[in-house]
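Summary of structural features
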Amino acid sequence: MDTNIFLGFATVTVLSCACASLPQLLLHSGLFPTAPSQPRLAISVDLLAFYRALFEHLCDSINALASALHTHYERRGFQVTTREVRVSLSH
């Protein structure tokens, strides 16, 4: 499976057996099925979590995105150590 989940679409072949349904296998792989029984598409659970964090901080400014990213990373165990932003422009 492609680890760059936010960069586009990926085709994933999922082998199933009688021990688990296809939606269960997709969820186990970090993908949320778009249909309850025979999904042909799935969405990354991480992308859905990011959307949830963004939705929780909706407003008309860049602060919404910054706050959503902060929440998203905080829920995954990352800690923000400073509010300072540095951009390195090297050629």
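So, here is what we can say about the structure in this document. Just so you know, these numbers come straight off a predicted model, no measurement behind them.

Quick notes on the rules
- Residues numbered from 1 in each chain as written.
- Predicted model: local features only at pLDDT ≥ 70, side-chain atom pairs only at ≥ 80, totals over all residues.
- Heavy atoms only, no water.
- Axes fitted to C-alpha atoms, helices over the stretch in contact; angles between N-to-C directions.
- Helix = DSSP H or I, 4+ residues; strand = E, 2+ residues; numbered from the N terminus.
- Parallel < 35°, antiparallel > 145°, perpendicular 65-115°, else oblique.
- Left-handed = near helix turned anticlockwise from the far one by under 90°.
- Contact = heavy atoms within 4.5 Å.
- Nonpolar A, V, L, I, M, F, W, Y, C, P; charged D, E, K, R; others polar.

In this section: the packing of helix α2 (residues 45-56) against helix α3 (residues 62-75). In a pair of packed helices, the angle between the axes and the distance between the axes together describe the arrangement. Where α2 meets α3, the closest approach of the two axes is 8 Å, and the angle between their N-to-C directions is 130 degrees. The angle between the axes of α2 and α3 places the two elements in the oblique class. Relative to α3, α2 is oriented so that their crossing is right-handed. Each of D46, A49, F50, R52, A53, L54 and E56 in α2 lies in contact with α3, whose residues at this interface are A64, L65, A68, L69, T71, H72 and R75. A per-class count over the contact of α2 with α3 returns eight nonpolar, two polar and four charged.

Mapped onto the elements of the fold, F50 is located in helix α2. With 22 residues separating them in the primary sequence, F50 and H72 have C-alpha atoms 5.8 Å apart.

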